[in-house]
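# Secondary and tertiary structure notes
Chain residues, written in single-letter form:
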Amino acid sequence: SQTSSLSGIVLDASTGERLPAATVRVVGTDRGTIANADGSYRLSLPPGTFRVTASFIGYRPDTATIRLDGPALADFRLDPAPIRMAEVIVSGEDPAMAIMRQVIEGKKKWQEALASYRFEAFTRQVMRSDSAIAMIAETYSSGFWRKGDTLREVIRQKRQTENIKVNQNFSAVGGITNFYDDEISFGSYRFVGFTSPDAFDYYRFELERTVKQEGNTVFVIRLRPQSRITPLFEGTVNVVDERFVLASVDVRPNEAFVFPLITDFHLGTRQQFAPMQERYWLPVDIRTTLDVGIDIPFIRIPRIGFESTSSIYEYQVNVPVPDSLFRQRRIQQDSSVKRYDSTFWAEREVLPLTVEQTEAYRTLDSTQTLDKKFQPTGPLADADSSVFLRVLQYTDLRFNRVQGGFLGGKYTTDTLGGRWLLSAAAGYGFSDRRWEAKLGAELVLDREMQLSAGVEAARIVTPVADEGKHLAFSNIFTALFYKNDYFDYYSSAGGRLWVSIHPSRRLNIRLDLRNEEHRSAVKRTEFSLFARSRSYRINPAIDPGTMRSVGLSVRFGQEPIPFNIIHVDQGTLGVEVADRSLWGGDFNFSRWTAQGQYRISTFYNRSPFGAYLAVHASVGITTGAPPVQRLFSLETQSSSYAPIGVLRGAQVREFAGDRFLQVSVEHNFRSALFLWLGIPFLYRNAYETIVTATAASTGFGTRAQALGRSTPGIYTEAGVAISKIFKFMRIDVTYRFAAPSGFHLTLGIGELI
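Residues numbered from 1 in each chain as written. Predicted model: local features only at pLDDT ≥ 70, side-chain atom pairs only at ≥ 80, totals over all residues. Heavy atoms only, no water.

### Observations regarding the packing of aromatic side chains
This is how it is decided: Here a Phe, Tyr or Trp ring, Trp counted by its six-membered ring, pairs with any other such ring whose centre lies within 6.5 Å, and the pair is stacked when the planes are under 30 degrees apart, edge-to-face when over 60, and tilted otherwise. In DSSP terms, a helix is any run of H or I states spanning at least four residues, a strand is any run of E spanning at least two, and both are numbered starting from the N terminus. Buried residues are those whose accessible area, probed at 1.4 Å on protein chains only, stays under 20% of the maximum for their type, while exposed residues exceed 50% and partly exposed ones sit between those limits.
This structure, assessed with the given rule, holds 46 aromatic pairs. Summarising the aromatic geometry, the rings of Phe-179 and Phe-233 are spaced 5.8 Å apart at their centres and angled 70 degrees between planes, so their arrangement reads as edge-to-face. In this pair, Phe-179 is assigned in the loop between strand S12 (152-160) and strand S13 (183-186) and Phe-233 in strand S17 (residues 233-240), connecting sequence segments 54 residues apart. Residue class for Phe-179 comes out buried when judged on its relative accessible area of 1%. Among the residues examined, Phe-233 registers a relative accessible area of 0% and is labelled buried.

### Things to note about the nonpolar core
Looking at soluble globular proteins, one finds that nonpolar side chains tend to be buried together. As a reminder of what qualifies: Note on terminology: a nonpolar core comprises buried Ala, Val, Leu, Ile, Met, Phe, Trp, Tyr and Cys residues joined through side-chain atoms within 4.5 Å. For this analysis, residues touch if any pair of their heavy atoms sits within 4.5 Å.
Counting 57 residues, the largest nonpolar core has Phe-194, Phe-205, Ile-221 and Phe-233 as the members making the most contacts within it. At seven residues, helix H1 (residues 95-111) tops the list of elements feeding residues into this core. Leaving out residues up to four positions away in the same chain, Phe-233 has contacts with Phe-179, Ile-184, Phe-186, Phe-191, Phe-194, Tyr-203, Leu-223, Pro-225, Val-251 and Arg-252. Membership of the second largest hydrophobic core comes to 20 residues, among which are Val-26, Tyr-41, Ala-54 and Ala-74.

### Thoughts on the side chain of Asp-512
Stated formally: Definition of a polar contact: a pair of N or O atoms within 3.5 Å, with one able to donate and the other able to accept a hydrogen when the atoms are protein atoms, and with sequence-neighbouring residues admitted only if both atoms are side-chain atoms.
Structurally, the position occupied by Asp-512 is in strand S31 (residues 507-520). Since its relative accessible area comes to 12%, Asp-512 is described here as buried. Separated by 3.1 Å, the side chains of Asp-512 and Arg-496 make a polar contact. At 3.2 Å, the side chain of Asp-512 forms a polar contact with the side chain of Arg-510. Filtering out sequence-adjacent residues up to four positions away, Asp-512 remains in contact with Arg-496, Leu-497, Trp-498, Ser-549, Val-550 and Gly-551.

### Let's talk about the pairing of strand S11 (residues 132-146)
Selection criterion: Being paired, for any two strands, means DSSP has found at least two bridges between them.
Of all 15 residues making up S11, 13 are buried, and the element is well covered by its neighbours. For strand S10 (residues 116-129) and S11, the ladder comprises 14 bridges, and the chain directions are antiparallel. The residue bridging Tyr-117 from the neighbouring strand is Trp-145, located in S11. Counted between consecutive antiparallel strands, the loop separating S10 from S11 contains two residues, among which Asp-130 sits at a positive phi close to 55 degrees. The pairing of S11 with S12 spans eight bridges and is antiparallel. Within S12, the position partnered with Phe-144 by the bridge is Arg-152.

### Comments concerning H1
We count it as follows: A helix is expected to span 1.5 Å for every residue after the first. For a residue, the bend is simply the angle between two axes, fitted respectively to the seven-residue segment ending there and the seven-residue segment starting there.
Compared with an ideal rise of 1.5 Å per residue, which puts 17 residues at 24 Å, H1 spans 25 Å between its outermost C-alpha atoms and is within 8% of the ideal. Maximal helix bending in H1 amounts to about 30 degrees, located at Glu-105. Inspection of H1 places Ala-96, Met-97, Ile-99, Met-100, Val-103, Ile-104, Gly-106, Lys-107, Trp-110 and Gln-111 among the buried residues, and these make up the whole buried set. By the N-cap criterion, in which a side-chain oxygen at the helix start approaches the backbone nitrogen of a residue two or three places on, H1 is capped by Asp-94, the distance to Ala-96 being 2.8 Å.

### Some details on the sheet that holds strand S3 (residues 32-34)
The following threshold applies: Lines fitted to the C-alpha atoms define the axes, with helices restricted to the stretch that makes contact. Angles between their N-to-C directions range from 0 to 180 degrees.
What the four strands build is an open sheet, ordered S3-S2-S5-S6; its pairing is antiparallel. Here the strands that pair on one side only, and so sit at the sheet edges, are S3 and strand S6 (62-68). The sheet shows a mean angle of 20 degrees between the axes of neighbouring strands, direction not considered. Of the pairings in the sheet, the one linking strand S2 (residues 23-26) to S3 comprises three bridges and is antiparallel in character. Considered in S3, the bridge of Arg-25 is made with Gly-32.

### Focus: unusual backbone geometry
The omega torsion of the bond from Ala-739 to Pro-740 falls at -5 degrees, within 30 degrees of zero and hence cis. The topology assignment puts Pro-740 in the loop between strand S41 (729-736) and strand S42 (742-749). A positive phi angle, near 50 degrees, is found at Glu-314, a position not held by glycine. Looking at the secondary structure, you find Glu-314 in strand S23 (residues 304-317). Since its relative accessible area comes to 29%, Glu-314 is described here as partly exposed. Unusually for a residue other than glycine, Phe-726 sits at a positive phi of about 50 degrees. Within the fold, Phe-726 resides in the loop between strand S40 (715-725) and S41.

### Brief notes about a nonpolar patch on the surface
Stated precisely, the cut-off is as follows: Patch membership needs two things, relative accessible area over 30% and no salt bridge, and members are linked within 9 Å if like-charged or within 5 Å if nonpolar (Val, Leu, Ile, Met, Phe, Trp, Tyr). The Shrake-Rupley method, run with a 1.4 Å probe sphere, supplies the accessible areas, and residue values consider only the shown protein chains as cover. A carboxyl oxygen of Asp or Glu within 4 Å of a side-chain nitrogen of Lys or Arg is what we treat as a salt bridge.
Together, Leu-445, Leu-451, Val-455, Leu-497, Val-499, Ile-501, Leu-511, Leu-513 and Leu-552 make up a nonpolar patch on the protein surface, roughly 670 Å² of accessible area in all. Elements that contribute at least two residues to the nonpolar patch include exactly strand S29 (451-463), strand S30 (489-504) and S31. The dominant element in the nonpolar patch, judged by the number of residues it contributes, is S30, at three residues. The partly exposed category is assigned to Leu-511, whose relative accessible area is 37%.

### Quick look at the environment of Arg-348
By the element assignment, Arg-348 lies in helix H3 (residues 342-348). We classify Arg-348 as partly exposed; its relative accessible area is 35%. With residues up to four places along the chain from it excluded, the contact list for Arg-348 reads Ser-44 and Tyr-140.

### Thoughts on helix H4 (residues 355-363)
Operational definition: In this description, the arc belongs to the directions extending from the helix axis to the C-beta atoms.
Residues of H4 that are buried: Gln-357, Ala-360 and Tyr-361. Projection of H4 onto a plane perpendicular to its axis shows the buried side chains occupying an angular sector of 100 degrees, all on one side. Across H4 from its buried face, at more than 90 degrees, point the exposed residues Val-355 and Arg-362. Where H4 is buried, its residues meet S10, S11 and S12.

Scope: geometric values only; no functional claims are made or implied.
The following block contains the structure:
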């Protein structure tokens, strides 16, 4: 071995307390490291004599001359430095304001001369389940940076606890947050930097005290954000006197840093800087901590803790860096990663393991996977519930006024490596006393899985066509609790063929050939759990006959998510044509539809979850003589339950026609209002305020009214909503302008993100 190990502990000389993250450096060089959480450090150096100094903010440095010709021990005891509190100024601004102006004005002097650098780094990431260590991942890497580009990193060696695989070790420096930037990317948010020219519009700086570090006077300055809405940092920064550069930062995001569904989390970062070539102040460590609690009713998930520590050393400033690195991925792996090199690790240990981490390496074996470490518990997560949920996915349970209670089974499977998709379903309606069944198969025709063809035969009771905003599952509850069955039904028996083309993820084209016998269905039950004195609506008759039609649909964008709980920009065009002169059947019509939704960012754009305007539009028209089952009916609330995009002030099936147009807009202000008002419970739980407006119109032109009446002119409504109640619910108060006008209160499921 060509190196020797220098190790020891950094202590408070007066109390004997260990000083975690203390800096240990070799005087006159750019080599150094930091102490771990136990105050222990380790340096690998070639044989020779060195002056080594240990420092910690608020303490006088301790320096020792050490001769290395083998492993050596050296403890450092640091005496607390006198702390001078900031003077109270009766008038005028806080001294910290002038200090930060010097930092802002002077930061470009050395940054402009910094063209490139390279470094060596060690990174350790520790994940905790509740308070116990769940895994450790470590890497040694080489970093390369040049002006105008992002950091590139080459992983040299990896080590991890036995309960994760080497390809699950993602430990890396990843990137160096430059706190000198005017705008700082942090956790997908864009923060206003506290050294930007506009910093004084967003931050209040307060001088708390001055301390000593490595012979320098250091100003300890408190950052106080002046806005809750703009992503900003709060905490402390330490500025070196005379040079007016950052010695260290200890910051966390302000209240604007929120994530939907995760309301109990704490994130912070610490970073220390040291002068390289006595001119360039570059980070020597990056320490990030994250603590997350996930609250799901009836399910307990262990608390997640994450700690990442990077020690950065052996800087080479303004040296050539290979152009080839910047044409490759940001983080790459050297071929040496494939083989664990114990000699490499023994010679280069930078950050000693703590006692707890050493024990984790000893006890975490391959059986203690992360799945087991974070296994949910609770009434909906135990083994019996899991079996129940697995059975439920193969069960078809329904209730409606035509079939009454319905019990059936369903099954879907892939065969031949996913080339065939087979599906089957069957069940019995206890009120109409009819069996229904469905059998289908789909074959993938190409290797890229972009072209498929399918066939299906069915004898079922099916709802009259609508836009699919209400689901059969929610309809069970409105029927059983309020005697309100939202859908209208008819009987269908026959089959269909289809061809589907997926040229890309965001484009889907489907051609359907349909041959079905349609018959009216009638109401068969008045059963309800609570509303027995009420009566269900009559199930309207349809136009019976043979439906032979050709349909074409084209979808742009991703497939919509059920309940629209996650917004996707998308649009769909569809046409169905039935022509007796070409292929027989009893109907002669064409039915054209188009719908889409699009989200436009408005403000609060520094957040990945900024305010937005969402537009939902749909239109449909028929020609010829469409049957009743192919007319349009505007989607509405049902028993005060209102999915996104329906008319919240209209009654069930109130407006219908053989043509319709509907446009809905929603502006989501996110938590901006509650941040501005300063209501912690609401903004910490990510409650959102929304304003809505809808206009719609229907008409009959080719046949008499059948499903309901058309709108009297243009129907309009507008309202306000609060979303993220109990994580995913929303409450709307809507005013209907059309007669009978008035306010309506509805409950629905809001968008999650």
